[in-house]
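Each chain, written out:
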Amino acid sequence: MNTAMLTLIDAAKEKILAQKEWLTSLDAAIGDGDHGINMARGFEAVATKVRTLPPEAELPAILKTVGMTLISTVGGASGPLYGTAFLRAADQASKSAGLPAAALLGNILAGALQGIKDRGKATTGEKTMVDALEPACVAYDRGLTEGKPLPVCLEMACEAARQGVEYTKTIIATKGRASYLGERSLGHQDPGATSLCLLLEILSDFVNRQEVK
Amino acid sequence: MNTAMLTLIDAAKEKILAQKEWLTSLDAAIGDGDHGINMARGFEAVATKVRTLPPEAELPAILKTVGMTLISTVGGASGPLYGTAFLRAADQASKSAGLPAAALLGNILAGALQGIKDRGKATTGEKTMVDALEPACVAYDRGLTEGKPLPVCLEMACEAARQGVEYTKTIIATKGRASYLGERSLGHQDPGATSLCLLLEILSDFVNRQEVK
Amino acid sequence: MKKIINVPEEVVQDMLQGITAAHPQYVKQVEGTSVLVRAVKPENKVALVSGGGSGHEPAHGGFVGKGMLDGAVAGAVFTSPTPDQVYEAVKAVDTGKGVLLIIKNYTGDVMNFEMAAEMAQADGIQVEKVIVNDDVAVENSTWTIGRRGIAGTILVHKLTGAKAEAGADLAEVKRIAEKTIANVRSFGIALSSCTVPAAGKPSFTLADNEVEVGMGIHGEPGTHRETLRTADETATYLVDKILQDMPVKAGEEVAVLINGLGGTPAMELYIVNKKVSEILKDQGIKTVKTYVGNYMTSLEMAGFSISLLKLDSELKELLLATADTPALVQI
Amino acid sequence: MKKIINVPEEVVQDMLQGITAAHPQYVKQVEGTSVLVRAVKPENKVALVSGGGSGHEPAHGGFVGKGMLDGAVAGAVFTSPTPDQVYEAVKAVDTGKGVLLIIKNYTGDVMNFEMAAEMAQADGIQVEKVIVNDDVAVENSTWTIGRRGIAGTILVHKLTGAKAEAGADLAEVKRIAEKTIANVRSFGIALSSCTVPAAGKPSFTLADNEVEVGMGIHGEPGTHRETLRTADETATYLVDKILQDMPVKAGEEVAVLINGLGGTPAMELYIVNKKVSEILKDQGIKTVKTYVGNYMTSLEMAGFSISLLKLDSELKELLLATADTPALVQI
Ligand SMILES: Nc1ncnc2c1ncn2[C@@H]1O[C@H](COP(=O)(O)OP(=O)(O)O)[C@@H](O)[C@H]1O
Ligand SMILES: Nc1ncnc2c1ncn2[C@@H]1O[C@H](COP(=O)(O)OP(=O)(O)O)[C@@H](O)[C@H]1O
Ligand SMILES: [Mg+2]
Ligand SMILES: [Mg+2]
Ligand SMILES: [Mg+2]
Ligand SMILES: [Mg+2]
């Protein structure tokens, strides 16, 4: 497949592997201590799987492969959530074929968010990955409306996601395994929001590097 | 029952209780770490049980009660061994009625030794209580032959028993649980020989105190 | 990490092969999956599928067999299985009379099993699901995602399996599952942590004399920590909490499950049962059957849970029906 | 010491009451003793009595029931029971056809059971005894007191119990016991110590990655200590040692018991079984039946043993006969 996309996917895998222990320790504090392990298993499989795609594979097919692979290898809560996010992103990519890149990415992110919300029946303020992705989408769209170029929109999204992760420290979990903790979940950042923020940052780095070339 | 005998039995119980942990730790090194616990359980039961005997109970009956109580409360290897020793001691006490005290005690000790050897099918040099009691009996009898008074005979017996305990450090166990260790049992003293030596010392102390009165 | 394993990545597959090698008369593995199904597929009966993360052995593969499950799906250790695996299980066990999924109430399990149900339904397989939520530890979580599913799940397998074995249709089998779930409550404590092989270090630590009350079966924190009390005090506390949540009147009947978490010896479980049986007797509650042992474990965690299942005559009959599985045989 | 108990002095009685409360359809306690016997005394059959120190649960009380034992005697933790208790058991189970004592080869057990036999014989009860010595760990101890009896004892209970249940006379039942003993070998390793309640501290300590090879079931030292190896390597080592001691030819049949010592999760036992089954298969040895689980434990000790029982058609039939006891039900 497309070597740029391969670079992006490998970068995501490397990042997740590098942060595996950290993500796991965040999950150990308020969940069951496997988020990093789950994500690492998934992204290692993704990096292998996409290499089997034909060179001419386009974005929707690639995103769908990522989604299916995550669904079939991650397990736990994050598997269906991230998997659905990528499947919905694939739908949007296909529907938005022909749009300029910045608008296309906006639709992809929105599709991913809606996928997570549908699958997890979660909304913001429940201490989940939604608390990173929803503000990121809002910020991205604001950038778009303001006519900012793609890299800037993405940087705004990342900043919002980081703030979202910080915000998860201040709230009590009401979805996912951390919800069993009640008030004891306060003060801890959500592992899923954290991994989501990492992925956005990788994407932003990648886009910046592409622009530079 | 006879208050002197009660004093002796209580002294034995106190001594065993005081040395419970030590005996257990000796057994932990080469056996299963329960000898002190077993002996303590037995002698606590003995001290209770003998109080139910009638005041006129005589030595054979008392020894038999001790033996039966040890058999039914100690368990493990030491229960049948000490129990049989006291039962055989009771036989000898009854057969030797009328003999002078020193000769009587000689027969009692010999009966106890034979009981242990019969029950345990052990001989000297196998790293068991026999290695304390057999030399003690020999020494006692030598004292008797040399016309020594009872306390001296007993003191000689104790000294021989102590040497017997030391000797058990230098040999490999071929009977009891320590035999599984093979050469690894070298350097450790046998717990059963040790408890036997303690009991002889209590008896010797007691006799000395009686003589002083 | 001191474990008798080969490599952490392969514990689940090694284990599944060890199970099928040990019990070929009961179970076989669906090739290329982490699914165990009955060695001989029954004909014309509603099929039951359960599963979850591994590390809870003998749950769930040990309960595949006559009178209990038809298929069990094993995820990575403490991680719910993926939808494709559950889907494989559903396809393998369906006899045309439909499949009931018995899911423990964890977000991950629920989502993965739901996705599998959608996949199977798209193939035209009738799939229903029930969600077990017996853990009374997290009292006030009902307004969030509800209680967790723990050891009571085994009793759901037992009774629902008996109903399916008796030839009931999918709706009836589901009704029994829901009725059992409505009548089962569990509560446990942990005395020590466990180590997930892939993590390599204990999930948490407890002080020398400290216990976690209401610990989840994946090492999720419970309600609070306290100093270990006597077996009698602990049993009394746990049974009280269960009965507060699900009152059982004098004269009513129950089944009891004293479930070891993996590292607690049978001796201690029986000591707990002594008190539990006394409490129930004192309250005039009749114990119809008691299970004591390791049924739903958390690897080598020390601790246990108590489950009570309130019975009526219908549930009682299903409880006492025969079962023949690797981990539970009942004549 | 972190245990779910009341007081150390009462663990055995508390446990026995917990067992009878859990399994009243199977067992009852002989009043005033530490003896469990079948709830309903069978008529006109040779009776089997076994026992030993407590702490090995479910052995031995868990194996009292149809097709296995008639009585089990529980000593203090890890301490063989006293003769009067064994004598009570013999008196309680004798139906007039005689009693077989199944004794594990420990000096204490042998002496206490022998004294009980003498007491019962003095009453005119026919008593025979067999001594189980399946542990190949201590190779060169045959010239002293011989091998220890460990998990293989469960298989002796199983096969001998089946023979007695079938109505054989005392001599025949004893012959089967001796034949089983002659054909069963076991070997195990320990990964951690355990704590005897009355002692209050661990019986021994092992370093973080160290195992004791050939550990006895009461914490007696084994042959040596070494660094923990993989499950495959460990299984290979243990099976090799067993087969060196008791060669089994290609084409011959065996039963396998992977016995957990109490603190090792089922997952690891099954991982061991995967390799054991492969080794046997590679050598052309046919595995007729495999048991995996906690049968003969050492409190919460982590570790396991492997037992192999070489079968001929007579032993095979007895192995596969039905059994119905609290800890082993076989249809
Ligand atoms: N209902 C939900 N909606 C959205 N995100 C959720 C939901 N439940 C859990 N999550 C996310 O999943 C993360 C946990 O993922 P992971 O640890 O891999 O799964 P599990 O909880 O099954 O072990 C949480 O940190 C949270 O961000
Ligand atoms: N055959 C035997 N003959 C004599 N003494 C023995 C024999 N076997 C064991 N002993 C003694 O018993 C002691 C162990 O007693 P104890 O620890 O109470 O029993 P167990 O070995 O059953 O745990 C040993 O130290 C040894 O002195
Ligand atoms: Mg998690
Ligand atoms: Mg001992
Ligand atoms: Mg998880
Ligand atoms: Mg002992």
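Residues numbered from 1 in each chain as written. Chains lettered and ligands numbered in written order. Predicted model: local features only at pLDDT ≥ 70, side-chain atom pairs only at ≥ 80, totals over all residues. Heavy atoms only, no water.

Chemist: Even after reading the chapter, I still don't get the coordination of the magnesium ion (ligand 4), so can you show me in this structure?
Modeler: Six octahedral donors at a metal ideally form angles of 90 or 180 degrees, and four tetrahedral donors ideally form angles of 109.5 degrees. All names here are of chain B. Ligation of the magnesium ion (ligand 4) by protein atoms is provided by Asp27 (OD), Asp32 (OD) and Asp34 (OD), these donors lying 2.0 to 2.1 Å from the ion. Expressed as a motif, the donor residue spacing for the magnesium ion (ligand 4) is D-x4-D-x1-D. Here the magnesium ion (ligand 4) and the magnesium ion (ligand 6) are spaced 3.5 Å apart, linked through Asp32, which binds each one. The same class applies to Asp27 and to Asp32, which are both buried. (Donors = N, O, S within 2.8 Å, 3.2 Å for Na, K, Ca; no water. Buried < 20%, exposed > 50% of the residue type's maximum accessible area, 1.4 Å probe, protein only.)

Chemist: What exactly am I supposed to notice about helix H1 (residues 11-22) of chain D here?
Modeler: One turn of the α-helix equals 3.6 residues, which is why residues spaced by three or four share an orientation. For H1(D), with twelve residues, the first-to-last C-alpha span of 16 Å sits near the 16 Å given by 1.5 Å per residue. Extensive coverage of H1(D) is indicated by the burial of nine of its twelve residues. Residues D:Val11, D:Val12, D:Asp14, D:Met15, D:Leu16, D:Gly18, D:Ile19, D:Thr20 and D:Ala22 constitute the buried set of H1(D). On its buried side, H1(D) packs onto helix H7 (266-282) and strand E11 (286-293) of chain C together with strand E1 (27-29), strand E2 (35-38), strand E3 (47-54) and strand E4 (71-77) of chain D. (Helix = DSSP H or I, 4+ residues; strand = E, 2+ residues; numbered from the N terminus. Expected span 1.5 Å × (residues − 1). Contact = heavy atoms within 4.5 Å.)

Chemist: For this particular structure, what's the right way to read the site of ligand 1?
Modeler: Not every one of the 21 residues close to ligand 1 is listed here, only the nearest: A:Asp32, A:Ala77, A:Ser78, A:Gly120 and A:Asp190. Neighbouring residues of ligand 1 are distributed over chains A and C. A:Asn38 is positioned such that a nitrogen or oxygen atom in its side chain is 3.0 Å from an oxygen atom of ligand 1. A distance of 2.5 Å separates an oxygen atom of ligand 1 from a polar side-chain atom of A:Ser78. Of all elements in the fold, only helix H3 (35-50), helix H5 (78-95) and helix H9 (191-212) of chain A reach the threshold of two or more residues within the shell around ligand 1. With three residues, H9(A) is the single largest residue contributor to the shell around ligand 1. In terms of residue class, the shell around ligand 1 is made up of six nonpolar, nine polar and six charged. (Near = heavy atom within 4 Å. Polar contact = N/O pair within 3.5 Å; in protein donor to acceptor, adjacent residues only side chain to side chain. Nonpolar A, V, L, I, M, F, W, Y, C, P; charged D, E, K, R; others polar.)

Chemist: Is there a simple way to explain the domain arrangement of chain C in this structure?
Modeler: Interfaces are often sized by the amount of accessible area the parts lose when they come together. Residue and element names in this part refer to chain C. Taken domain by domain, chain C holds domain 1 (12-182) and domain 2 (184-330). If you look at the interface, domain 1 gives 45 residues, while domain 2 gives 45 residues. Around 3,800 Å² of area is buried between domain 1 and domain 2 when both sides are counted, 66% of it from carbon and sulfur atoms. Where domain 1 touches domain 2, the interface holds four salt bridges. For Lys179, the salt bridge identified is with Glu314, shortest N-O distance 2.5 Å. At the junction of domain 1 and domain 2, the tally comes to 24 residue pairs in polar contact (both at pLDDT 80 or more). Looking at the side of domain 1 that touches domain 2, the elements that each hand over two or more residues are helix H4 (152-165) and helix H5 (170-182). When grouped by side-chain class, the residues that make up the side of domain 1 that touches domain 2 number 21 nonpolar, twelve polar and twelve charged. (Domains from an automatic or database assignment. Buried area = accessible area lost by both parts, 1.4 Å probe. Salt bridge = Lys/Arg side-chain N within 4 Å of Asp/Glu carboxyl O.)

Chemist: Looking at this structure, I do not really get the coordination of the magnesium ion (ligand 3). What am I missing?
Modeler: All names here are of chain A. In the first shell of the magnesium ion (ligand 3), the protein supplies Asp27 (OD), Asp32 (OD) and Asp34 (OD), at 2.1 to 2.2 Å from the metal. One chain supplies every donor for the magnesium ion (ligand 3), spaced along it as D-x4-D-x1-D. Here the magnesium ion (ligand 3) and the magnesium ion (ligand 5) are spaced 3.5 Å apart, with Asp32 acting as a shared donor. Comparing Asp32 with Asp34, the two get one shared label, buried.

Chemist: Explain the interface of chain D and chain C here, please?
Modeler: Each side of the interface is counted separately: chain D has 55 residues, and chain C has 55 residues. Approximately 4,600 Å² of surface area, both sides summed, lies buried where chain D meets chain C, with 64% of it carried by carbon and sulfur atoms. Ranking the residues of chain D by area buried against chain C places D:Lys2, D:Ile4 and D:Met267 at the top, with a combined share of 20%. For the pair chain D and chain C, the interface holds four salt bridges. The closest approach of N and O atoms between D:Lys3 and C:Glu268, which form a salt bridge, is 3.8 Å. At the junction of chain D and chain C, the tally comes to 18 residue pairs in polar contact (both at pLDDT 80 or more). Elements with a contribution of two residues or more to the side of chain D that touches chain C: H1, helix H6 (231-245), helix H7 (266-282), strand E11 (286-293) and strand E13 (323-324) of chain D. For the side of chain D that touches chain C, the leading source of residues is H7(D), giving ten residues. Residues of the side of chain D that touches chain C, tallied by class, amount to 26 nonpolar, 16 polar and 13 charged.

Chemist: So what exactly am I meant to see when it comes to the sheet that holds E4(D) here?
Modeler: Sheet strands pair by backbone hydrogen bonding; their relative direction is either parallel or antiparallel. Residue and element names in this part refer to chain D. Taking strand neighbours across the sheet as the criterion, the six strands line up as E1-E2-E4-E3-E5-E6 in an open arrangement whose pairing is mixed. Only two strands of the sheet have a single partner each, and these edge strands are E1 and strand E6 (127-132). Put simply, the sheet's adjacent strands are angled 25° from each other on average, direction ignored. In the packing of H1 onto the sheet, the strands contacted are E1, E2, E3 and E4, and the crossing angle to E1 comes to about 145°. Across the sheet, helix H5 (residues 170-182) lies against E3, strand E5 (99-104) and E6, angled at about 5° from E6, the strand it touches most. (Pairing = 2+ DSSP bridges. Axes fitted to C-alpha atoms, helices over the stretch in contact; angles between N-to-C directions.)

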